[in-house]
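Listed below, chain by chain, are the residues.
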Amino acid sequence: EDQVTQSPEALRLQEGESSSLNCSYTVSGLRGLFWYRQDPGKGPEFLFTLYSAGEEKEKERLKATLTKKESFLHITAPKPEDSATYLCAVQPPWGGSEKLVFGKGTKLTVNP
Amino acid sequence: GAVVSQHPSRVICKSGTSVKIECRSLDFQATTMFWYRQFPKQSLMLMATSNEGSKATYEQGVEKDKFLINHASLTLSTLTVTSAHPEDSSFYICSARDFGTGTDTQYFGPGTRLTVL
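The shown structure was predicted, so the numbers you read here are calculated from the model rather than taken from an experiment.

Visitor: Which residues make up the sheet that holds strand 3 (residues 19–25) of chain B, and what values do they have?
Guide: All names here are of chain B. The sheet built from four strands is open, its strands ordered 1-3-8-7 with antiparallel pairing. On the outer flanks of this sheet lie strand 1 (4–7) and strand 7 (67–73), each paired with one strand and no other. The mean angle between the axes of side-by-side strands here comes to 15 degrees, regardless of whether they run parallel or antiparallel. As defined by bridge partners, strand 7 adjoins strand 8 (residues 76–81) across five bridges and the pair is classed as antiparallel. Looking at strand 8, one finds that Ile69 is bridged to Leu79.

Visitor: Now, about the pattern of salt bridges: what can you tell me, with residues and values included?
Guide: By the definition in use, this model includes nine salt bridges over all chains. Between Asp39 of chain A and Arg37 of chain A there is a salt bridge, with its nearest N and O atoms 3.0 Å apart. With relative accessibility at 21%, the residue Asp39 of chain A sits in the partly exposed group. One salt bridge in this structure joins Lys57 of chain A and Glu55 of chain A, with 3.8 Å as the shortest N-O distance. Because the salt bridges share partners, they merge into one network encompassing Arg31 of chain A together with Arg97 and Asp104 of chain B.

Visitor: Would you mind going over the pairing of strand 11 (residues 112–116) of chain B in detail, with residue names and values included?
Guide: Residues and elements named next belong to chain B. Only one face of strand 11 is buried: it carries Thr112, Leu114 and Val116, and the other face, with Arg113 and Thr115, is open. Bridge analysis of strand 2 (residues 10–13) against strand 11 gives four bridges, and the strand direction is parallel. Bridging from a neighbouring strand, Arg10 pairs with Arg113 of strand 11. Note: strand 9 (residues 90–100) against strand 11, three bridges, orientation antiparallel. By the bridge assignment, Ser90 is partnered in strand 11 with Leu114.

Visitor: Please give an account of unusual backbone geometry that cites residues and values.
Guide: Note the cis peptide between Ser7 of chain A and Pro8 of chain A, where omega equals -10 degrees. Even without a glycine there, the phi angle at Glu60 of chain A is positive, about 55 degrees. Within the secondary structure, Glu60 of chain A is located in the loop between strand 6 (56–59) and strand 7 (62–66). For Ser83 of chain B, which is not a glycine, the phi torsion comes out positive at approximately 45 degrees. Inspection of the secondary structure assignment puts Ser83 of chain B in the loop between strand 8 and strand 9.

So, how was this worked out
- Residues numbered from 1 in each chain as written.
- Chains lettered and ligands numbered in written order.
- Predicted model: local features only at pLDDT ≥ 70, side-chain atom pairs only at ≥ 80, totals over all residues.
- Heavy atoms only, no water.
- Pairing = 2+ DSSP bridges.
- Helix = DSSP H or I, 4+ residues; strand = E, 2+ residues; numbered from the N terminus.
- Axes fitted to C-alpha atoms, helices over the stretch in contact; angles between N-to-C directions.
- Salt bridge = Lys/Arg side-chain N within 4 Å of Asp/Glu carboxyl O.
- Buried < 20%, exposed > 50% of the residue type's maximum accessible area, 1.4 Å probe, protein only.

Structure below.
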C-alpha cells in the first residue's frame, strides 16, 4: 500500500531560524509529489510539484527538493506568517489511481 | 495559479434537512473533481471522485445516498448532504484537477464549514 509519512508532526521555530520538513514515501513509480500549505479553517494552498529525483523548486523562503524516497521542504529565515500546516501528497504512477495519497502534515509555528 | 471556489463557506442547518455545496473551477476546466472531509486537527479524508458526465466514485465507507455528488459541467461539481445529522458536521473541501499544458495538479477550494444542529 502506498504510504506517505511526514516528520516532524509539529515544529516550533524562532523567526529567522531555518529548518526542514521531511516527507518520505513508498510509492513506486511516482508520477508527482506535491506540497501544500494549509491555514486553519481554509483549504490547502498549492505550493510545488516535483516530478523527478534531483528536482528543486523555490518560492520566496521555501525550497522543495526530491530524492527517490523522500522530499524536503526547506524554510529559510522563516517569518511568523509562514506558520501553517504543510501537507505532502504523492500521485501514483500512470495507470493507477488518480487519487493523491496525503501525509498527515507538519504543523509549523514560527514565533516572533 | 488556478482558482477553485466553494459556496457557501459556512452553513448551519437543522437536523434532517439537506445541504448543497458547490465547487467551481474558475479559470480552467476540470473533468475530475474530488470531495474531501476534514475533522479537527486531522488530515484530509477523500470521500469521492467526481468525473464530469459520469457517476461519482465513492471511497469505502462513504454512503452514496447520503452524500450525493453531481458533476454536471467541466467547471462545477456539487455535493449534497441529504438528511443531515449532527455527526455530518465537518469541514468539506473540494479540489479540481487541472490536467492540461503539461501539468496535472489538484487545486483546492477554500472549504465549507457545515454545522448541523
